[in-house]
Structure formats: structure tokens, C-alpha cells
Amino acid sequence: MNDTVLQKSNRLINEKSPYLLQHAHNPVEWYPWGEEAFERARKENKPILLSIGYSTCHWCHVMEKESFSNPEIAAMMNERLISIKIDREERPDIDKVYMTAVTAMTGSGGWPLNVFLTPDLKPFFGGTYFPPGDRWGRSGWTNLVQRISETWANPEGYRKLIESAEGLSQHLQEYLNNSAQGEDLETNLADEAFRSLELVHDPDHGGFGGAPKFPMPVYHNFLQTYYARNKGSSNGKKALQISLLTLRSMAQGGIYDQIGGGFHRYSTDAEWRIPHFEKMLYDNAQLAVNYLNAYAISRDTLFERTARQTLDYLLRDMTHPKGGFYSAEDADSLPPELARKAPDQTYEHKSEGAFYLWGYQEIFDALGKESGEIFSYRYGVGEKGNAKEDPLGEFTNKNIFYVAHSVQEAADKLSKTAAQIESSLDDSRNEIFQLRSLRPRPQLDDKILTSWNGLAISAFAKAYQILADEKYLSAAQSAARFVWAEIYDSANRQLFRRWRDNDRKVKAVSDDYAFMAQGFLDLYEADFNAEWLMSAVQLTEDLNRRFFDAERGGFFMTEAGHDPNLLVRSKEDYDNVEPSASSIACMNLLRLAQMTGREDFSKTAEQTLKYFSRTMKEQPRAMPQMIVALDFWMNKPYQIIILGNKNASDTNALLREIRSRWIPNKILLLIDSQKTQELLSKSFPFLAELKRHQGKATAYICVNQACQLPITDAAGVAGILGNLL
């Protein structure tokens with residue numbers, strides 16, 4: 001790097017976060033979060049601008065280009081403010097506090113999040129995206145900064161700002177440190193949650209509520225579990241119908257990458273047609289599990305194909321050579337027609353979805369007349385584009401592929417057989433994929449986040465269990481080994497949140513421990529390597545020690561002393577696009593209690609369920625993943641124990657039969673040696689009495705340590721499970 005570049009760099013140049021590095025050459029004198037910035041703000045008595053975003057955030061890019069790269073605007077900011085940049089994915093704890101503050105002030109939130117603070121870090125004003133000048137009914141950034149600095153300089157205005165900051169900070173303390181008393185757990189909470197989701201379900205296009213529509217994997221986890229518990233009731237059948245309709249509509253919509261697999265962040269319209277084009281690891285990992293479960297329940301090959309293509313996308317485009325999974329791909333990319341004019345691919349030239357959009361003539365140039373007609377009919381390609389709702393004109397004359405017609409409709413329309421249509425579409429998708437691969441790709445956020453990798457490990461482990469594809473098991477194992485070797489400090493039993501370029505940074509928050517422990521548990525049930533089970537136990541012990549609120553229940557986001565500058569030590573009290581740490585931790589504890597016999601795990605789970613009981617009762621849609629854990633706790637799970645050699649054909653025959661069924665409330669143990677049997681019998685003495693029958697692999701299906709007769713063939717397992725489920 002030459003001196004000219006160095007002179008133009010700010011303090012973010014020394015960071016590893018791709019998002020912070022995107023701003024490292026702004027003329028704004030950005031600071032990372034830390035004492036250097038705080039001390040200067042106190043010394044000069046200037047307000048702090050805290051600007052929070054992430055590397056694949058479209059409107060973050062827009063504001064960076066419009067305002068933070070503008071020398072005149074930057075000069076004003078440098079004179080009047082102390083400016084701090086934060087990657088929300090590295091520091092979700094800071095984002096949680098100030099997002100709550102902005103939502104309380106304005107009624108809504110989002111990213112970029114721009115919050116103005118006093119030098120002691122108390123918020124007094126904030127919002128999301130601001131244009132450089134007044135526009136679209138939004139205050140312009142220039143005018144806003146000027147008004148805030150003038151108010152700050154005025155004694156009376158300054159007094160009011162300080163009073164506002166004190167009052168809001170007190171509100172945050174009370175809200176985020178909610179001391180809600182635990183209540184008795186009611187048996188009808190799942191019914192109330194189902195009715196709550198049914199009320200907002202879109203019966204025409206699937207999903208919940210109107211546009212914009214988010215996938216919400218936690219809703220499907222709940223609905224599928226509710227169905228398993230209530231198969232014979234109309235509500236149970238309706239729950240499955242709602243989930244499958246939504247998953248089918250998403251898989252056929254523009255929110256799904258019909259060419260390369262994987263889901264975009266959300267749909268801007270009600271029909272899942274027009275996505276916001278970023279792709280996130282956490283969405284795709286969780287959705288893969290939703291589709292795998294849907295396939296296990298329905299045997300509809302659409303769900304299997306969608307799960308496979310999503311996981312294959314992660315393997316192809318989102319996997320580090322050492323085995324971990326990258327975080328995200330950007331929504332914006334350089335339009336192909338500009339590639340030669342702007343080879344540096346600066347954000348100034350990039351646009352939303354350019355990598356994925358196609359003109360009508362481009363399709364026919366690529367595929368020819370006959371194949372082009374088939375492809376265009378199938379995927380809704382129009383001569384003038386197909387984005388019905390495009391208020392900003394970003395997709396003019398461009399097409400977003402979605403399933404507009406079935407294969408049979410295309411066959412009838414174009415006088416072909418269904419087989420001919422399928423063959424043509426396979427060839428065409430491959431050709432479009434190859435041509436698309438020559439385009440400038442969206443920017444990759446190549447940092448590795450522990451919590452999201454935990455979700456991905458779960459997805460690949462479950463894919464192996466359901467699809468029996470070795471490449472998925474290998475991916476889960478590689479990622480698990482990577483995390484244990486690179487991100488977990490075993491000497492100090494300290495997990496870190498982020499790894500990039502051989503640098504691990506930021507002590508992990510509770511969802512890192514919880515999601516990774518879940519990944520290890522799911523991986524154990526895939527390959528039965530006891531090391532994964534022991535790792536899950538160790539991380540859960542770490543989680544309990546560092547984050548559990550022993551007085552009231554539930555898990556704090558951060559451990560005590562995580563950051564002395566954090567205004568509040570909060571708990572997540574809802575399952576959103578990601579489940580809360582408490583919900584996943586609770587299920588882990590319940591599963592581990594069944595696997596290890598540890599009563600302390602069961603008690604911690606029960607205390608957590610009771611802590612959140614009021615939230616589940618008053619806002620049943622807020623914590624669907626916690627209600628899944630509640631279902632596990634209230635209805636004793638099946639303990640399925642197999643005695644057999646791990647790789648033997650008779651053992652695998654029993655496993656295939658068990659895994660072919662959707663049984664959400666089960667734990668699966670394999671005893672493949674006397675050593676394993678002795679180890680597990682320390683927790684469950686009844687296991688010591690179990691034996692192989694006639695020297696064959698033998699299954700015992702137990703509830704509450706009371707077991708059915710031993711079974712040595714898949715048909716017998718099918719009969720027992722058929723009667724029980």
C-alpha cells in the first residue's frame with residue numbers, strides 16, 4: 001500500500017471487519033468502538049455519531065456513497081462530531097441496545113442505524129438511512145448534523161438533549177433488564193401460538209403479514225413441531241398446510257435463486273417475486289432445515305431439491321478452505337455492461353441485484369429461440385421485464401426469475417412432453433449459470449461468525465441424516481473441527497465470535513455458545529462420534545456459567561464484564577429471523593438432560609421456560625422456538641437407542657428407518673462398544689441392561705427409560721414407531 005492511500009485512510013484501516021474496511025478510506029474520521037473515541041468525545045465535549053451496519057447492507061452502501069464519501073459532508077462531521085463505526089454482526093450486543101433506543105424514539109428500526117450519543121454513550125436521537133439532502137419526506141443528513149450540533153452548542157438545547165438522553169437510558173435499563181416474574185407454564189401455549197400465526201398467514205401466497213415478507217424459519221420450526229404433536233386434529237393439519245404452502249411459494253418465487261440455489265434476504269412484495277438480493281448464511285442454514293423437515297414429512301421432491309440446492313450453494317460459494325462458512329453475499333454488484341468501464345468494482349457503479357437480473361434478449365441470445373421460449377415461459381421472463389412493483393426503477397427492462405408456470409403447463413403450451421421440457425430447462429439453467437459465473441460477483445463477506453456456523457453445521461448434519469449424502473456429513477464435520485481448532489480457546493474455555501484472516505476477535509455472546517452446542521448435538525446424531533457430544537456438553541456448561549441468570553432464569557446476551565461501556569446487559573426476549581439464545585439453549589439443555597441424565601441441565605431449562613412464560617402467554621407469536629422447547633419439556637421425548645457396529649449394514653438399516661420419519665421430540669444414541677455403554681450407563685443405569693438380540697444390531701425405543709421389546713429389523717422399527725407416532 002502506498003503513502004497516498006495511507007494518507008487517505010482512517011482508523012478503520014486496522015480492523016478486520018469487511019464492513020468497517022468498506023469505510024476505511026472515507027474522508028470521515030471514523031473510529032472503531034473503543035476508549036480512544038470516547039475519551040476524545042469527553043475531552044472536546046462533542047456528540048458522538050454511532051453508525052451501525054453490515055457489509056451486505058444495501059442502504060448502508062447508499063449512505064456511504066452519498067454522504068460518508070462526500071468531502072464536504074465529511075468535513076462537517078469531522079468538525080462537529082466524533083464518529084464511530086460498528087459492524088452489527090461482530091457486536092450484536094451494542095446493536096441491540098441502540099436499535100432498541102431508536103425503535104423507542106421513532107417506532108421503527110433498521111440498518112444503517114445512525115444514533116447520536118452523549119460522550120457517556122447515552123442516546124438522544126437516531127434513525128436509519130438519511131439522504132444527503134431532504135428527500136422522500138426524510139430529513140437530509142447535512143441538515144440533521146447541522147441542527148444537532150447547533151442544539152448541542154446552545155445551553156438550553158444542550159440541557160434538553162442531556163435530559164432526553166438520561167430519560168431514554170433509564171427507559172432502556174428498565175426495558176432491556178426486564179425483571180418479569182416467572183409464572184406457571186400453561187399447557188395451551190402452543191395452541192395460542194398456532195392461532196396467532198394463523199391470523200396473519202397469507203392463504204394465497206404463504207408467509208405471514210403483508211409486504212415486505214421475511215422467511216421466518218422459526219415459524220416453520222414451530223408449525224412443523226405443532227403438526228407432529230397434533231396430526232389428528234384440524235389445527236395440526238392446518239399448521240402443516242400453512243408451513244408447506246409458504247415453503248413451496250418461496251421456493252418458486254424470486255426470493256429463491258432459481259439458477260444457483262439459495263435464498264435472498266427477503267421479498268419486497270407479497271408474492272415472493274422481488275427480493276432484496278443479499279444472501280445470508282443464517283437464512284440459508286435455517287431454511288435448509290425447514291425444507292429438509294418438510295421433505296421428511298411430505299416426501300415432496302420439491303422440498304428435497306430446494307434443500308439440496310441451498311446446501312450446495314453454501315458448499316460452492318460460502319465455504320472457507322479450512323471448513324468454516326462465510327457470512328454473506330452482497331445485494332449489490334457491478335452490472336455486466338459496466339464491467340469493462342469500472343474494473344475496480346467500486347460501490348459508485350454497483351446496483352441492486354445486477355448479478356441476478358437478465359434482459360429479455362439476453363435470454364434468447366444465450367439459449368436460442370426454442371429453449372429461450374421454454375425458459376421464458378417457465379420463469380416469467382417478459383420483454384419489458386417482470387418486476388411489477390419497482391418504485392425506484394432499479395429493475396427496468398430486467399427479469400427476476402420465478403416459477404411462473406409448471407412443467408406440465410409449459411408442455412401443454414409449447415406442444416412438448418413434460419420430459420422434453422425438463423431436459424430443456426436443465427440445459428438452460430446450466431447455460432445461464434455458466435454465463436452468470438462470468439459476471440462480476442457480489443462482494444463476499446468472508447468473516448466467519450460462530451453462531452451462524454453453528455446453524456450451518458446443524459443444517460448439514462440434518463441433511464446427512466435425512467438424505468444420507470456423505471458430502472453433507474463431511475461439510476458438517478469440517479466446519480465443526482474448524483470452530484474447535486480456530487475459534488475456541490480450550491485452555492481458557494473461551495469461545496470467540498468472529499474469525500477472519502487467522503484473527504479471532506470479540507468474546508462470544510450467548511447465541512454463539514448456544515447455536516454451536518446445537519450444531520455439535522446434531523452432528524453427534526449424524527455420525528455418533530462421542531467427541532461432538534462431549535463438546536456440546538462443554539459449551540453448554542460454559543454457556544450456563546457465563547450467561548445464565550441464576551436468580552431469575554434465561555440467558556443474558558453478554559457475560560458479566562463483557563464490555564464496561566455497554567449501557568445494559570440485556571436478554572433477547574423474542575425469536576426473530578434468528579432464534580434467541582435462550583430458546584436454543586433451553587432445547588439443548590433438555591436434549592442433553594435426556595442424553596446424559598444431568599438433572600442440573602433439566603432444572604436450568606425449566607427455570608428458563610418459566611422466566612419466559614409471560615412472554616409466551618401474552619405474545620405467543622414472539623417466541624415460537626421457545627414453545628418448541630416447551631413442547632419437548634411437557635411431552636417426554638422418545639429415547640431411541642441402537643446397539644450395533646457404527647458402519648454395519650444392519651445398524652444402518654435401522655437408522656434409515658428411524659431417520660425416514662419426522663420425529664421432532666426424540667434423542668438418538670448409538671452404543672457401538674462396551675466402553676460407550678459403560679460411559680452412558682453412568683447417567684442412565686438402565687442402559688447397562690440392554691443387549692444385542694441374537695448378535696444383530698438392535699433398537700430399543702424408550703419413553704422415560706421404559707423400553708419396548710428389542711427390535712432387530714427395520715420392519716419392526718416401522719411398526720413400533722407407526723403405533724407410537
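For the structure itself, look to the data block above.
So, here's what we can say about the structure. (Residues numbered from 1 in each chain as written. Predicted model: local features only at pLDDT ≥ 70, side-chain atom pairs only at ≥ 80, totals over all residues. Heavy atoms only, no water.)

Let's talk about empty space enclosed by the protein
Rules: Definitions used for this entry: grid spacing 1 Å over protein atoms alone; cavity, a set of points where a 1.4 Å probe fits but cannot get out; pocket, an open set with protein on both sides within 12 Å along at least 5 of 7 lines; lining residue, one with an atom within 4 Å of a point. Grid points are joined across faces, edges and corners, and a volume is the space filled by probe spheres set on the points. Only DSSP runs of H or I with at least four residues qualify as helices, and only runs of E with at least two residues qualify as strands; both kinds are numbered from the N terminus onward. Throughout, the ten residues Ala, Val, Leu, Ile, Met, Phe, Trp, Tyr, Cys and Pro are labelled nonpolar, Asp, Glu, Lys and Arg are labelled charged, and all others, Gly among them, are labelled polar.
Under the counting rule described, the total for this entry stands at four cavities of 30 Å³ or more. Each pocket or cavity is described by its volume, and for the largest cavity that value is around 670 Å³. When contributions to the lining of the largest cavity are tallied by element, the ones reaching two or more residues are α10 (217–229), α12 (281–298), α18 (450–467), α20 (510–527), α22 (581–596) and α25 (624–634). Sorting elements by how many residues they give to the lining of the largest cavity places α12 first, with six residues. Looking at the lining of the largest cavity, its residues break down into 14 nonpolar, eleven polar and seven charged. Of the pockets and cavities examined, the second largest cavity occupies roughly 90 Å³. Every residue along the wall of the second largest cavity is listed here: Gly254, Tyr256, Asp257, Gln258, Ile259, His264, Phe277, Tyr356, Ile400, Phe401 and Arg436.

Focus: the sheet that holds strand β19 (residues 698–703)
The test is simple: A pair of strands is labelled paired if DSSP reports no fewer than 2 bridges between them.
With mixed pairing, the four strands of this open sheet are ordered in space as β18-β17-β19-β20. Two strands bound the open sheet, and with one partner strand each, they are β18 (666–671) and β20 (706–707). Note: strand β17 (residues 638–643) against β19, six bridges, orientation antiparallel. Paired with Ile641 across the bridge in β19 is Tyr700.

Here we look at the layout of surface pockets
In this structure, the second largest pocket occupies an estimated 580 Å³ of space. Among the secondary structure elements, those contributing two or more residues to the lining of the second largest pocket are α13 (301–317) and α17 (418–436). The biggest single contributor to the lining of the second largest pocket is α13, with seven residues. Residue classes in the lining of the second largest pocket are distributed as eleven nonpolar, nine polar and seven charged.

Section: the sheet that holds strand β1 (residues 31–32)
Note the following rule: Whether two residues are in contact is decided by their heavy atoms: any pair within 4.5 Å suffices. Only the contacting stretch of a helix is used when fitting its axis, a line to C-alpha atoms as for every element, and angles between N-to-C directions run 0 to 180 degrees.
Spatial strand order, β1-β3-β2-β4-β5: five strands in an open sheet with mixed pairing. Each edge of the sheet is formed by a strand with only one pairing partner; in this case those strands are β1 and β5 (123–127). Relative to strand β4 (residues 113–117), strand β2 (residues 48–53) is paired through five bridges, and the arrangement is antiparallel. Bridged to Ile52 within β4 is Leu113. Sitting on the sheet, helix α6 (residues 92–106) is in contact with β2, β3 (82–87), β4 and β5, with an inclination near 80° to β5.

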